[in-house]
Amino acid sequence: MLVGMTSTAMQEPTRLLLTALADEPRHGYALIKEVEAISSGRVRLRTGTLYAALARLQEQGWVEVAGEEVVDGRHRRYYALTGAGGEVLADEAARLRAQAAEAERRLRLRGRSVPA
Amino acid sequence: MSAAERLAGLVVRLYRPSARDGRHAEIVSTVRDALDGQGRMGAARELADLAAHGVRHRMGLTASSPAGRTLAAAAPLAVASGVALSALFLLCAEWDWRPPTLPDPDPPNRIGPFATLGPLVYLPWLLMLPAAAFGLRRLTRTLAALATATSAALLPLTPPTGADRPPLWALGALALFALIVLAAPADPLAPERPDPRPAPLLAAAMLAVLTVGVFADGSFWRVEHAPDIPDPIFMSRPLWYRYTAAAPLGTAIVVALVIGLLAALVLARRHPTLPVAVLVTAFPWAMVVYGLNAAESRPLHDAVLWTCLLAAAATAGGAAVRMRAARRVTDAR
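J.: What is the right way to read the overall build of chain B from this model?
T.: When helices and strands are counted, chain B shows 11 helices and two strands. Ordered by position from N to C terminus, the α and β elements of chain B give α-α-α-α-α-α-α-α-β-β-α-α-α. Within chain B, the proportion of its 333 residues that are buried is 38%. Counted over contacts in chain B with a minimum sequence separation of 6, partners at least 24 positions apart contribute 76%.

What follows is the structure, given as structure tokens:
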């Protein structure tokens with residue numbers, strides 16, 4: 001059975017944002033850089049879009065503020081994944097893993113069916 | 001501090017003060033970092049994005065606000081409405097179905113087979129249907145912006161070209177539908193590929209209602225006689241944006257809106273924003289009904305129209321009061 005194949009796929013920027021917060025709390029600019037790195041440069045969140053997404057994720061209870069500090073005159077607010085956010089990301093990861101496994105299984109079958 | 005960074009400090013002021021007080025320093029710090037190493041184009045895009053979100057935040061049109069959620073629910077209705085209206089105008093008001101052998105009673109300033117420059121507006125609308133059906137949100141919004149810009153451009157464009165344009169109520173209604181599409185916020189938590197069925201189904205249903213309205217009037221079947229053609233020929237362009245099919249078409253629109261509102265009230269438990277979304281979409285439709293009836297006095301029809309408008313205004317006012325109260329509660333937290 002394919003785990004979570006029937007669940008609705010999350011938008012890529014949202015998935016990348018949650019992934020960027022999965023290991024440790026990060027501030028706004030660190031999130032922009034992290035999302036860019038995870039997506040191999042394909043996705044670059046702009047500041048307005050980032051804070052709109054963070055506000056929505058906070059409202060949903062998937063992300064919370066973990067602390068604030070001022071570094072070199074720059075105000076940093078750190079965001080962290082909540083328990084609920086972690087569960088959602090784990091479900092999404094399982095869905096993607098199942099899709100990838102199915103793709104690999106079919107590719108192996110294809111390799112066998114091709115005449116030598 | 002660079003000019004772009006100073007500008008960023010000003011742009012952040014577009015956010016509503018309650019949010020700005022808490023996040024102003026944070027957003028400014030982030031945007032300063034983000035501007036580092038970006039060229040002029042990159043900086044312009046960064047600031048434009050920040051300004052767009054700031055204005056959206058200031059107007060309470062975010063994905064989590066009641067107004068934003070209502071507009072998000074109204075957007076598919078607006079797309080379907082604009083597509084159906086454009087298809088109707090293109091087929092029934094613009095396209096010249098007249099056989100070439102018949103004499104042309106229209107002025108000679110037509111644009112090919114079309115009566116006016118209207119197809120320049122209708123084409124982006126028709127393209128919006130597949131874009132919305134395939135969940136291509138950015139393309140849908142780009143086409144909505146293009147349709148709005150074209151509608152606005154037709155006003156100064158028509159006098160020098162000598163061509164006609166659709167009447168203001170037709171362009172205005174389509175512009176309002178497009179503004180609903182543009183104002184609807186993107187929800188980061190929405191599914192990556194939305195259900196493709198609503199837009200085509202709604203557009204087909206609306207076009208069916210409009211077609212029934214047009215066909216209900218005998219003028220669609222009106223025949224013309226030409227001296228050199230023995231058999232009568234079916235009339236073309238029954239609407240020509242006015243008069244002939246106005247009564248049944250206006251009635252069909254009003255009846256469809258009332259049925260749509262009742263259906264939305266039935267579905268309100270599962271989709272609480274749907275009734276207000278239908279009312280929001282009803283405003284441009286009311287403009288169409290008004291435009292169709294402007295030439296003739298139809299007391300009963302006008303009474304229905306004004307009743308709908310007052311009901312819509314009262315509901316929108318009530319929703320605004322509730323939104324303001326909800327915003328106060330949110331800001332107080």
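J.: I would appreciate a short explanation of the overall build of chain A in the present structure.
T.: Summing up its helical and strand segments, chain A has four helices and three strands in all. Of all 116 residues assigned to chain A, the portion counted as buried reaches 30%.

J.: Looking at this model, I keep getting lost on the pairing of strand 2 (residues 63-71) of chain A. Mind explaining?
T.: In regular strands, side chains alternate between the two faces of the sheet. All names here are of chain A. Here eight bridges tie strand 2 to strand 3 (residues 74-81), and the two strands are oriented antiparallel to one another. When the sheet's bridge partners are listed, Val70 is paired in strand 3 with His75. Between the end of strand 2 and the start of strand 3, which pair antiparallel, lie two residues, with Asp72 showing a positive phi angle near 50°.

J.: I tried to follow the interface of chain B and chain A on my own but got confused; where do I start?
T.: Quoted interface sizes are often the accessible area lost when the parts come together. Between chain B and chain A, the contact holds 26 residues from the first and 25 residues from the second. Those elements that provide at least two residues to the side of chain B that touches chain A are helix 2 (17-35) and helix 3 (40-58) of chain B. No other element matches the nine residues that helix 2 of chain B contributes to the side of chain B that touches chain A.

J.: What am I meant to see in helix 5 (residues 119-133) of chain B here?
T.: Along an α-helix, residues three or four apart share an orientation, since each turn contains 3.6 residues. All names here are of chain B. Taking 1.5 Å of rise per residue, 15 residues should cover 21 Å, and helix 5 covers 21 Å from first to last C-alpha, within 8% of that figure. Taken residue by residue, helix 5 has Pro119, Val121, Tyr122, Pro124, Trp125, Met128, Leu129, Ala131 and Ala132 as its buried positions. Looking at the packing, one finds that the buried side of helix 5 touches helix 4 (66-94), helix 6 (137-161), helix 7 (168-183) and helix 8 (198-215). A positive backbone phi angle near 70° is found at Gly135, which sits one or two residues after helix 5.

J.: Help me out: how do you make sense of the packing of helix 3 (residues 47-60) of chain A against helix 3 of chain B in this one?
T.: What describes two packed helices is the angle between their axes and the distance between those same axes. Interhelical geometry of helix 3 of chain A versus helix 3 of chain B gives an angle of 40° and a closest axis separation of 7 Å. Contacts between helix 3 of chain A and helix 3 of chain B involve Thr47, Gly48, Thr49, Tyr51 and Ala52 of chain A from the former and Glu46, Asp49, Leu50, Ala52, His53 and Gly54 of chain B from the latter. For the contact of helix 3 of chain A with helix 3 of chain B, the per-class residue count stands at four nonpolar, five polar and two charged.

J.: Even after reading the chapter, I still don't get the packing of helix 4 of chain B against helix 7 of chain B, so can you show me in this structure?
T.: Residue and element names in this part refer to chain B. Closest axis-to-axis distance for the helix 4/helix 7 pair is 8 Å, and the angle between their directions is 150°. Judged by the inter-axis angle, helix 4 sits roughly antiparallel to helix 7. In this structure, the crossing between helix 4 and helix 7 has a hand that is left-handed. Where helix 4 approaches helix 7, its residues Leu71, Ala74, Ala75, Ala78, Val79, Ser81, Gly82, Leu85, Ser86 and Phe89 are matched on the opposing element by Ala170, Ala173, Leu174, Phe177, Ala178, Ile180, Val181 and Ala183. For the contact of helix 4 with helix 7, a count of residues per class yields 15 nonpolar, three polar and no charged.

Calculation criteria
- Residues numbered from 1 in each chain as written.
- Chains lettered and ligands numbered in written order.
- Predicted model: local features only at pLDDT ≥ 70, side-chain atom pairs only at ≥ 80, totals over all residues.
- Helix = DSSP H or I, 4+ residues; strand = E, 2+ residues; numbered from the N terminus.
- Buried ≥ 20, exposed ≤ 12 C-beta atoms within 10 Å, placed from the backbone.
- Contact = placed C-beta atoms within 7 Å.
- Pairing = 2+ DSSP bridges.
- Expected span 1.5 Å × (residues − 1).
- Axes fitted to C-alpha atoms, helices over the stretch in contact; angles between N-to-C directions.
- Nonpolar A, V, L, I, M, F, W, Y, C, P; charged D, E, K, R; others polar.
- Parallel < 35°, antiparallel > 145°, perpendicular 65-115°, else oblique.
- Left-handed = near helix turned anticlockwise from the far one by under 90°.

Distances and angles like these do not, on their own, reveal function.
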